[in-house]
Amino acid sequence: MGYQRFVALGDSCAEGLHDPYPGTDIYRGWADLAAATLAQHEPAFRYANLAVRGRRLDQIIVEQIPAALDLKPDLVALFGGANDVMTRTYRAEVVAKRVDAAIRMLTRAAPTVVVFTLSDVSGRVPGLLRIRHRLEALNEAIHASAAKHGAEVVDLWGEEAVHDLRYFGPDRLHLSEYGHRRLAAHLLTTLGVDYDPAWLEPLPGDPVRPGLRAHAGWVWREVLPVVVTRTRNWFTGRSPGDGFAPKRPDLLPVIADELASWKTIPGSA
């Protein structure tokens, strides 16, 4: 018997940012892709996605985990922590406690819990080398808590695709459709579930390596607006995800039309 009640939690990556369904402004992402695959193995399968962009782990603990536990899942996937390491008030010991609390709560209620480490974006995104030690500390906390509480880990620190910007959206932080399908494949590998092998095949051609002009354009279009927004949020007490609701708050079946839509990713069967 396969998984029947899958709940995804987390931030913008779990929500699926920069991987819209074809012809829509609705985000798909790795969790939707994995759900579509799992649904093919289990007729009674149901899927919910409670992730909200911009959410830190402390917000996920308060807002998403209680709602997830009410759904009585047999599979939970949690992707979070990036917004914690990017905050002005970052403290490693505080983030580690949040990681441990989240994983402890989930493993006590769900038989299978999967968590993700973060890939090393510090060398790919100019100006982020300073956060490399924060990413390492977060990943160490995730590994330690997962081992302590019995969660599975998808370790993305050594993900080779991190060096190719085609796997990322225009902001170079959120995954593109190609990045999301790789992440879905990593999750399904961890679960021992078959998936379309094309999802892990390397993209043809050479990795994208932008020059100085491309970097300057990226800073103008993507970085400066984020800096302005984060500064305004800091002064007003807002969080980036305020006002957004989970895209799939209830456990619902994955219907045939959704399966067909998921299959539109280039390279899938």
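Student: Just checking my understanding: could you explain the sheet that holds strand E2 (residues 46–49) for this structure?
Tutor: Strand pairing in a sheet relies on backbone hydrogen bonds, with the paired strands running either antiparallel or parallel. With respect to topology, six strands assemble into an open sheet ordered E5-E4-E3-E1-E2-E6, the strand pairing being mixed. Among the strands making up the open sheet, the edge pair consists of strand E5 (152–154) and strand E6 (248–252). The mean inter-strand angle of the sheet, taken between neighbouring strand axes irrespective of direction, is 15°. With five bridges joining them, strand E1 (residues 5–10) and strand E3 (residues 75–79) adopt parallel strand pairing. Pairing of alanine 8 across the sheet is with alanine 77, part of E3. In the packing of helix H2 (residues 29–41) onto the sheet, contacts are made with E1, E2, E3 and strand E4 (112–116), and the angle to E2 comes to roughly 175°. Where helix H3 (residues 57–70) meets the sheet, its contacts fall on E1 and E3, and the angle it forms with E1 comes to roughly 175°.

Student: Would you take a moment to explain the nonpolar core for this structure?
Tutor: The nonpolar side chains of soluble globular proteins are, as a tendency, buried together. Counting 69 residues, the largest nonpolar core has Phe6, Leu9, Trp30, Phe79 and Phe116 as the members making the most contacts within it. Considering every element that reaches this core, the biggest residue donor is H2, with seven residues. Look past the residues within four positions of leucine 9 in its chain and what remains in contact with it is Ala14, Leu50, Ala51, Gln64, Ile65, Ala68, Val76, Ala77, Leu78, Phe79 and Leu106.

Student: How do you make sense of the packing of aromatic side chains when you look at a structure like this?
Tutor: Each pair of aromatic rings is reported with the distance of its centres and the angle of its planes. Tallied over the entire structure, the rule returns six aromatic pairs. Ring centres of phenylalanine 6 and phenylalanine 45 lie 6.5 Å apart, and the angle between their planes is 40°; this geometry places the pair in the tilted category. Taken together, the residues phenylalanine 6 in strand E1 and phenylalanine 45 in the loop between H2 and E2 connect sequence positions 39 residues apart. Accessibility assignment for this pair places phenylalanine 6 and phenylalanine 45 in one class, buried. Pairing phenylalanine 6 with tyrosine 47 gives two aromatic rings, centres 5.3 Å apart and planes at 20°, and the pair type is stacked. With phenylalanine 6 in strand E1 and tyrosine 47 in strand E2, this pair connects stretches of sequence that are 41 residues apart. Across the pair, tyrosine 47 and phenylalanine 6 agree in class, each one buried.

Student: Could you clarify how one ought to interpret helix H6 (residues 132–149) in this entry?
Tutor: An α-helical turn contains 3.6 residues, so any two residues separated by three or four positions project in the same direction. Taking 1.5 Å of rise per residue, 18 residues should cover 26 Å, and H6 covers 26 Å from first to last C-alpha, within 8% of that figure. Of the positions making up H6, those classed as buried are Arg134, Leu135, Leu138, Asn139, Ala141, Ile142, Ser145 and Ala146. Relative to the axis of H6, the buried residues are bounded by an arc of 160° and lie together on one face. Exposed side of H6, more than 90 degrees from the buried face: Glu140, Ala147 and Lys148 are the residues found there.

Student: What am I meant to see in unusual backbone geometry here?
Tutor: The phi torsion of most residues other than glycine is negative, and most of the peptide bonds are trans. Although it is not a glycine, histidine 18 adopts a positive phi angle of roughly 70°. Here histidine 18 shows up in the loop between helix H1 (12–15) and H2. For lysine 72, which is not a glycine, the phi torsion comes out positive at approximately 50°. As for its placement among the helices and strands, lysine 72 is situated in the loop between H3 and E3.

Student: Honestly, the packing of H3 against helix H5 (residues 92–109) in this entry has me stumped. Any pointers?
Tutor: When two helices pack together, you describe them by how their axes are tilted relative to each other and by the distance separating the axes. At a minimum axis distance of 10 Å, the contact between H3 and H5 shows a crossing angle of 5°. By the criterion of interaxial angle, the relationship of H3 to H5 is roughly parallel. Residue-level contacts link Leu57, Asp58, Ile61, Ile65 and Leu69 of H3 to Val95, Arg98, Val99, Ala101, Ala102, Met105, Leu106 and Ala109 of H5. Its residues placed into classes, the contact of H3 with H5 shows 11 nonpolar, no polar and two charged.

Student: Looking at this structure, how should I read the pattern of salt bridges?
Tutor: Charged atoms that come close allow side chains of opposite charge to pair. Tallied over the entire structure, the rule returns 14 salt bridges. Arginine 28 serves as the salt-bridge partner of aspartate 19, at 2.8 Å between the closest nitrogen and oxygen. Judged on exposure class, the residue aspartate 19 and its partner arginine 28 are both buried. Arginine 132 serves as the salt-bridge partner of aspartate 120, at 2.9 Å between the closest nitrogen and oxygen. Within this pair, whereas aspartate 120 is found in the loop between E4 and H6, its partner arginine 132 is found in helix H6, the two being separated by 12 residues in sequence. Relative accessible area serves as the criterion here: at 15%, aspartate 120 is assigned to the buried category. Residue arginine 132 is classed as partly exposed on the basis of its relative accessible area, which comes to 33%. Each of Arg56, Asp58, Asp84 and Arg98 takes part in one network of salt bridges that share partners.

Here is what the cut-offs are and how they apply
- Residues numbered from 1 in each chain as written.
- Predicted model: local features only at pLDDT ≥ 70, side-chain atom pairs only at ≥ 80, totals over all residues.
- Heavy atoms only, no water.
- Pairing = 2+ DSSP bridges.
- Helix = DSSP H or I, 4+ residues; strand = E, 2+ residues; numbered from the N terminus.
- Axes fitted to C-alpha atoms, helices over the stretch in contact; angles between N-to-C directions.
- Contact = heavy atoms within 4.5 Å.
- Core = buried A, V, L, I, M, F, W, Y, C linked by side-chain atoms within 4.5 Å.
- Buried < 20%, exposed > 50% of the residue type's maximum accessible area, 1.4 Å probe, protein only.
- Phe/Tyr/Trp six-rings, centres within 6.5 Å; stacked < 30°, edge-to-face > 60°.
- Expected span 1.5 Å × (residues − 1).
- Arc of directions from axis to C-beta.
- Parallel < 35°, antiparallel > 145°, perpendicular 65-115°, else oblique.
- Nonpolar A, V, L, I, M, F, W, Y, C, P; charged D, E, K, R; others polar.
- Salt bridge = Lys/Arg side-chain N within 4 Å of Asp/Glu carboxyl O.

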